[in-house]
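# Structure assessment
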Amino acid sequence: MKKISLLTLCLFILPFNGVFAATGSHVYANTFTTNNITAFQHSIMTTAMQTFEGTAAAALGGRARLVSHSDDSKYLYGTTPMYGRPKLYGEYGDEGKSTEIQTGHNGGDVITEIDTDKDPRPVLNSTWLTWQHFDDEVKFKGYDELNTDTDIIMFGIAGGEAQRGIGISEWGVFGGYIGGDQKNEFININENGGYIGLYTGYNIQKFNLSFAVNAGALYNNAEHENGGDEFANMWAGAALNATYNIALDDSFTIQPGVYAGYTWIGSANYISASNDYIANKNFNTFEVAPEIKAIKHIAKGWFGTLNFKYAFMMGPDGDVVVNGIQLENLDTRDYAEYGIGIEKSIDRFNVALNINRRDGGRAGWNGGFNLKYIF
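Here's a quick rundown of the structure.

Cut-offs applied
Residues numbered from 1 in each chain as written. Predicted model: local features only at pLDDT ≥ 70, side-chain atom pairs only at ≥ 80, totals over all residues. Heavy atoms only, no water. Helix = DSSP H or I, 4+ residues; strand = E, 2+ residues; numbered from the N terminus. Buried < 20%, exposed > 50% of the residue type's maximum accessible area, 1.4 Å probe, protein only. Contact = heavy atoms within 4.5 Å. Areas by Shrake-Rupley, 256 points an atom, 1.4 Å probe, with all protein chains shown as cover. Pairing = 2+ DSSP bridges. Polar contact = N/O pair within 3.5 Å; in protein donor to acceptor, adjacent residues only side chain to side chain. Phe/Tyr/Trp six-rings, centres within 6.5 Å; stacked < 30°, edge-to-face > 60°.

A count of helices and strands for the chain gives four helices and 19 strands. When the 375 residues of the chain are sorted by exposure, 51% land in the buried category. Long-range contacts, defined as pairs at least 24 residues apart, comprise 63% of the intrachain contacts of the chain with a sequence gap of at least 6. Total accessible area computed for the chain in this model is approximately 16,200 Å², and 61% of it derives from carbon and sulfur atoms.

Written out as structure tokens, the structure reads:
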């Protein structure tokens, strides 16, 4: 007769309504980590694509660097004393020099000139470093919430900016490290991993369209009352972000947009410390997040932003099978995020800080720091 573990017997007895004894909570450890992957995927992809789209001074400064024949450009870059005025960035059009239209969050066309013979465009145009921290409660239907404490470090290089038809294109590469913990009174999961990715962007006057792909791996160590389990995740994802700039005046822009992403997460099977065989099926998650952002040039190159987004989480969460028995999925909930940011450019450096609040399926705080250097 086949031996039936105590955990398996409990799973037979308890109704499959998502509520189960604490002794069985660890069987959902992989579900917890995969849902966390979908959360930091959003931050990774939007941060990478934001390098092209920029916010406030980041985008405006990036366009201003192309004014290479203005004696004042090195002073105007990063200070933008008259936000959105094209004349600050040069309307030269002198003989023998090409004139190109560069656009950003200034809400107007910035006409620049580049002498392609004397001043060829560099292959690489910027590099950036970002740190993000999340401290929020993750809520599942029918299960105790978990506190998530996560740090994400990213490094990227952007290049290839070029005139393509009536718009501007750019590409970039990025990668980074992820470390964090998820825990409640029943389980504590330590997570460590890394990722790499590519992005590209295309700007047509006030419209920005960005696309990114990435892949990564996460190593997990789950501690619970029955002992400790080790397992891994691998993932690959793609995301698209579109924004449009509506300039209300020379210093104030409204930017509606929408983010759409897909993430595939592969999960390793393992035998738990309680001697149960846990088979984790692949996860396929979809996310759509409309957003609106207000961008204001405050004074002397200081920019402030206000933003609000709502993330709709969709798709099957991936089945969990314990000793041949399929468990009910733990569904996550949609969530809202809103926050503020501030930016300042100093010479060729752009520094940005932000803090955000989440409510709904994820509730808590997150914030970040971004440092960008434009060649």
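Bridging between strand E6 (residues 187-204) and strand E7 (residues 207-224) involves 18 bridges; their strand directions are antiparallel. Opposite Tyr 202, over in E7, you have Leu 209 as the bridge partner. Between E6 and E7, which pair antiparallel one after the other, the connecting turn spans two residues, and Gln 205 there sits at a positive phi close to 50 degrees. Looking at chain direction, E7 and strand E8 (residues 227-244) are connected through 18 bridges and run antiparallel. Each residue of the ladder has a partner; that of Leu 209, found in E8, is Ala 242.

In this section: the environment of Lys 309. With respect to the secondary-structure elements, Lys 309 resides in strand E14 (residues 302-314). Along the chain, Lys 309 and Tyr 259 lie 50 residues apart, while their C-alpha atoms are 9.4 Å from each other. Those residues in contact with Lys 309 that sit more than four places away from it in its chain are His 42, Pro 290, Glu 291, Tyr 335, Ala 336 and Glu 337. Side chain to side chain, Lys 309 and His 42 meet in a polar contact 2.9 Å long.

Following the sequence through the fold, Gln 41 ends up in helix H2 (residues 29-53). Among the polar contacts listed, one links the side chain of Gln 41 to the side chain of Asn 214, at a separation of 2.6 Å. Ignoring any residue separated from it by four or fewer positions in sequence, one finds Gln 41 in contact with Asn 214, Trp 235, Gly 237, Tyr 259 and Thr 263.

The next point concerns the packing of aromatic side chains. Evaluation of the coordinates by the stated rule reveals eight aromatic pairs. Where Phe 308 meets Tyr 338, the ring centres are 6.5 Å apart and the plane angle is 25 degrees; that geometry is what we call stacked. With Phe 308 in strand E14 and Tyr 338 in strand E17 (residues 335-346), this pair connects stretches of sequence that are 30 residues apart. By relative accessible area, Phe 308 is classed as partly exposed at 39%. Pairing Phe 349 with Tyr 373 gives two aromatic rings, centres 4.8 Å apart and planes at 55 degrees, and the pair type is tilted. Residue Phe 349 is located in strand E18 (residues 349-360), and its partner Tyr 373 is located in strand E19 (residues 362-374); the two are separated by 24 residues in the primary sequence. Overall, the relative accessible area of 38% leaves Phe 349 in the partly exposed class. Taken together through their ring pairs, the aromatic side chains of Phe 349, Tyr 373 and Phe 375 make up a single cluster.

Glancing now at the environment of Ala 236. With respect to the element layout, Ala 236 can be found in strand E8. Look at Ala 236 and you get partly exposed, because its relative accessible area is 33%. Expressed as a C-alpha distance, the spacing of Ala 236 and Thr 263, which sit 27 residues apart in the sequence, is 5.9 Å. When residues no more than four places from it in sequence are discounted, the contact partners of Ala 236 are Asn 214, Ala 215, Tyr 262, Thr 263 and Trp 264.

Before going further, it helps to spend a moment on the sheet that holds strand E16 (residues 325-326). Spatially, E11-E12-E15-E16 is the arrangement adopted by the four strands of the open sheet, whose pairing is antiparallel. Every interior strand has two partners, whereas the edge strands, strand E11 (270-271) and E16, have only one. Both strand E12 (residues 277-280) and strand E15 (residues 320-322) contribute to a ladder of three bridges, which runs antiparallel. Looking across to E15, one finds that Asn 280 is bridged to Val 320.

Further remarks concern unusual backbone geometry. Positive phi, normally seen in glycine, also occurs at Asn 275, with a value near 65 degrees. Following the sequence through the fold, Asn 275 ends up in the loop between E11 and E12. By relative accessible area, Asn 275 is classed as exposed at 60%. You will see that Asn 323, though not glycine, has its phi angle at about 50 degrees, which is positive. Inspection of the secondary structure puts Asn 323 in the loop between E15 and E16. Asn 323 sits in the partly exposed class, given a relative accessible area of 28%.

Time to look at the pairing of E19. Side-chain direction in a regular strand flips from residue to residue, so the side chains alternate between the two faces of the sheet. Pairing of strand E3 (residues 124-140) with E19 involves 13 bridges; the strand directions are antiparallel. The partner of Phe 134 across the bridge, within E19, is Asn 366. In this sheet, E19 lies alongside E18 in antiparallel orientation, the contact comprising 10 bridges. Among the inter-strand pairings, Asn 354 is bridged to a residue of E19, identified as Gly 368. Hairpin connection from E18 to E19: one residue lie between these consecutive antiparallel strands.

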